[in-house]
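One letter stands for each residue in the lines below.
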Amino acid sequence: MSNNKSFILYRASAGSGKTYTLIREFLALCLKHNETYYKEILAVTFTNKAANEMKAKILNYLKEIIENDKNNSDMLFDLHKETGLTYEIIREKSKRLFIDIIHNYSDFNISTIDSFVQQVSRSFAKELNLPSQYKVLLDEDELLDEIIHRI
């Protein structure tokens, strides 16, 4: 783990608990602030499958925290340790967070590296001298066809 104030980078091998750690960090940040803080977090993964899995797991952990009236959830215990908040406050904040995410799902931004870069480049298309309606080609054959067509 490398920590530089508000930027945290985790490097670990497969099966070491990266997803759990990222979800715990994501939830801890939200619980330390307010139910809309998830809109301030940039979470980037390699694949759409991983992004969708992470979103689903965040919602599942929140649901587990909200619905489980006993204090036997590993995530609840870890969030209590991480944030210093009581179990009751974590449950209440988790409920507000869950509701806000469900109502504003399009603001729940966990994306792939590709989609993040495209989003940034579209925001700065004019500054980058890109046409306003450019298309990203990821297929080499399609790219070659386009180059040949232009020549």
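It should be emphasised that the depicted structure is a prediction, and the values quoted were computed from it without experimental measurement. (Residues numbered from 1 in each chain as written. Predicted model: local features only at pLDDT ≥ 70, side-chain atom pairs only at ≥ 80, totals over all residues. Heavy atoms only, no water.)

Novice: Can you lay out the overall build of the protein for me, pointing to particular residues and giving the numbers?
Specialist: What the protein contains, in helices and strands, is 6 helices and 4 strands. Start at the N end of the protein and walk to the C end: the helices and strands fall as β-β-α-β-α-α-α-β-α-α. Based on the C-alpha atoms only, the size of the protein along its principal axes is roughly 70 × 35 × 30 Å. For the protein, restricting intrachain contacts to residue pairs at least 6 apart in sequence, the fraction spanning at least 24 positions comes to 63%. Accessible area for the protein stands at about 10,700 Å²; split by element, carbon and sulfur atoms hold 52% of it. Here the protein holds 20 positive side-chain charges and 22 negative ones, and the gap between their average locations is 5 Å. (Helix = DSSP H or I, 4+ residues; strand = E, 2+ residues; numbered from the N terminus. Contact = heavy atoms within 4.5 Å. Areas by Shrake-Rupley, 256 points an atom, 1.4 Å probe, with all protein chains shown as cover. Lys, Arg positive; Asp, Glu negative; His and termini not counted. Charge placed at Lys NZ, Arg CZ, Asp CG, Glu CD.)

Novice: An account of the side chain of Asp100 is needed here, citing residue identities and associated values.
Specialist: On the secondary structure map, Asp100 appears in helix α4 (residues 87–103). One buried charged residue, Asp100, forms no salt bridge at all, with the nearest opposite charge on Lys39 at 4.1 Å. Aside from chain neighbours lying at most four places away, what touches Asp100 is Glu35, Thr36, Tyr38 and Lys39. (Buried < 20%, exposed > 50% of the residue type's maximum accessible area, 1.4 Å probe, protein only. Salt bridge = Lys/Arg side-chain N within 4 Å of Asp/Glu carboxyl O.)

Novice: Run through the pattern of salt bridges, naming residues and quoting values.
Specialist: Across all of its chains, the model carries 6 salt bridges by this definition. With a shortest N-O distance of 3.4 Å, Glu25 and Arg24 are connected by a salt bridge. Judged by its relative accessible area of 14%, Glu25 falls in the buried class. We note a salt bridge from Glu82 to Arg24, for which the minimum N-O separation is 3.5 Å. Here the residue Glu82 occupies a position in helix α3 (residues 74–83), and Arg24 occupies one in helix α1 (residues 18–32), the gap between them amounting to 58 residues. On the basis of relative accessible area, Arg24 is assigned to the buried category, the value being 17%. Each of the salt bridges in this network shares a partner with another, and the network as a whole consists of Arg24, Glu25 and Glu82.

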